[in-house]
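# Notes for the structure review
Residue strings, one per chain:
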Amino acid sequence: MKTMHFTGLRSIAGMGVIIVVGGCVATTGQLERGLAEQRAALEAERVERMAADEAMAGDVQRVAGDMDGLRTELAALDNEFGAKITQLEEGMQLAVPVHFAFDEAEVEAETEPLLDRFAALVQRHYPDAAVTVEGFADPAGGAEYNRALSQKRAEAVKAQLVERGLLETQLRAVGYGEERLVVPGAAGEAYGAELNRRVVFVIETPPTTALGVPAQE
């Protein structure tokens, strides 16, 4: 009886060892799987973060490149066509030499290259911006007549820009008549009167590049 009891205890002890050892093996496997999953998650997070950093760096370079291109195009409009760029609180104003003959609203052929360049600039850098075409007249004639004439001039330039690919819904034409004269009192064939018969473009929202525009006086 004692021998059997001793053997039974030893067997139970052995079973206990097996159970304990078996439990330890299972726990180790779970730990290893958990650590592997954590390492995989950390690696995935690192790769994702690196991709996001690279994308951000690419966006910064693209924006910088867009702004350089915008400045170059604005400078070209100034140098080649005499356009004057003024930074406004709500956007940018371009005073461009789109002038008209006395008492006329027809866009002259010599201004078409300028309209080509302006339309291309808007399409590249201001695709979602609202653009106002402001028309003006010299002070010859009555105020109401001049306002109507300046409205026709603004509408004529707007139509030219639509032909060049700008959206009609993006453009607004407004005639201001003889307001804001460039050369006060100059009318008809007088010196400086042509400067009063003009349109001015106002890009009313910031550019997509969104880093500001160099103001030129």
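Here is what the cut-offs are and how they apply
Residues numbered from 1 in each chain as written. Predicted model: local features only at pLDDT ≥ 70, side-chain atom pairs only at ≥ 80, totals over all residues. Heavy atoms only, no water. Helix = DSSP H or I, 4+ residues; strand = E, 2+ residues; numbered from the N terminus. Buried < 20%, exposed > 50% of the residue type's maximum accessible area, 1.4 Å probe, protein only. Contact = heavy atoms within 4.5 Å. Areas by Shrake-Rupley, 256 points an atom, 1.4 Å probe, with all protein chains shown as cover. Expected span 1.5 Å × (residues − 1). Salt bridge = Lys/Arg side-chain N within 4 Å of Asp/Glu carboxyl O. Phe/Tyr/Trp six-rings, centres within 6.5 Å; stacked < 30°, edge-to-face > 60°.

On to the overall build of the protein. What the protein contains, in helices and strands, is four helices and five strands. Starting at the N terminus and ending at the C terminus, the protein contains elements arranged as α-β-β-α-β-α-β-α-β. For the protein, the proportion of its 217 residues judged to be buried stands at 32%. Long-range pairs, those at least 24 residues apart, make up 75% of the contacts in the protein between residues at least 6 apart in sequence. Element-wise, carbon and sulfur atoms account for 60% of the exposed surface of the protein, whose accessible area totals about 13000 Å².

Under the 1.5 Å per step criterion, the end-to-end length of helix α3 (residues 143-163) is 31 Å for 21 residues, consistent within 8% with the ideal 30 Å. Here the buried face of α3 lies against β2 (91-99), α2 (112-125), β3 (131-135), β4 (171-175) and β5 (198-203). Just downstream of α3, G165 is the residue with a positive phi angle, here 105 degrees.

Here we take up the pattern of salt bridges. Summed over the entire model, instances satisfying the criterion amount to seven salt bridges. For E45, the salt bridge is made with R49, and the minimal N-O distance between the two is 3.8 Å. Of the two residues, E45 and R49 are both situated in helix α1 (residues 2-81); the distance of four residues between them amounts to about one turn of the helix. Looking at E45, the relative accessible area reads 44%, which means it is partly exposed. The class of R49 is partly exposed, set by a relative accessible area of 45%. R180 serves as the salt-bridge partner of E134, at 2.7 Å between the closest nitrogen and oxygen. Here E134, found in strand β3, pairs with R180, found in the loop between β4 and α4 (193-196); they are 46 residues apart in sequence, far enough to count as distant. Look at E134 and you get buried, because its relative accessible area is 8%.

Let's shift gears to the side chain of T111. Here T111 shows up in the loop between β2 and α2. When neighbours within four sequence positions are excluded, T111 is seen to be in contact with P97, V98 and H99.

A word on α2. Along an α-helix, residues three or four positions apart point the same way, because every turn accommodates 3.6 residues. Look at α2: 20 Å from first C-alpha to last across 14 residues, which is about the 20 Å you get at 1.5 Å a residue. Every buried residue of α2 is listed here: L114, L115, F118, A119, A120, L121, V122 and H125.

Here the focus is unusual backbone geometry. We note that D103 has phi near 60 degrees; this positive angle belongs to a residue other than glycine. Tracing the backbone shows D103 in the loop between β2 and α2. Look at R180: it is not a glycine, yet its phi comes out positive at around 55 degrees.

What follows deals with the packing of aromatic side chains. Enumeration according to the criterion identifies two aromatic pairs in this entry. Centre to centre, the rings of F118 and F201 are 4.0 Å apart; their planes meet at 15 degrees, and the pair counts as stacked. Of this pair, F118 sits in helix α2 while F201 sits in strand β5, and the two are 83 residues apart along the sequence. By the burial criterion, F118 is buried, and F201 matches it. Their ring planes at 20 degrees and their centres at 5.7 Å tell us that F136 and Y176 sit as a pair that is stacked. Within this pair, whereas F136 is found in the loop between β3 and α3, its partner Y176 is found in the loop between β4 and α4, the two being separated by 40 residues in sequence. Owing to a relative accessible area of 0%, F136 belongs among the buried residues under this scheme.

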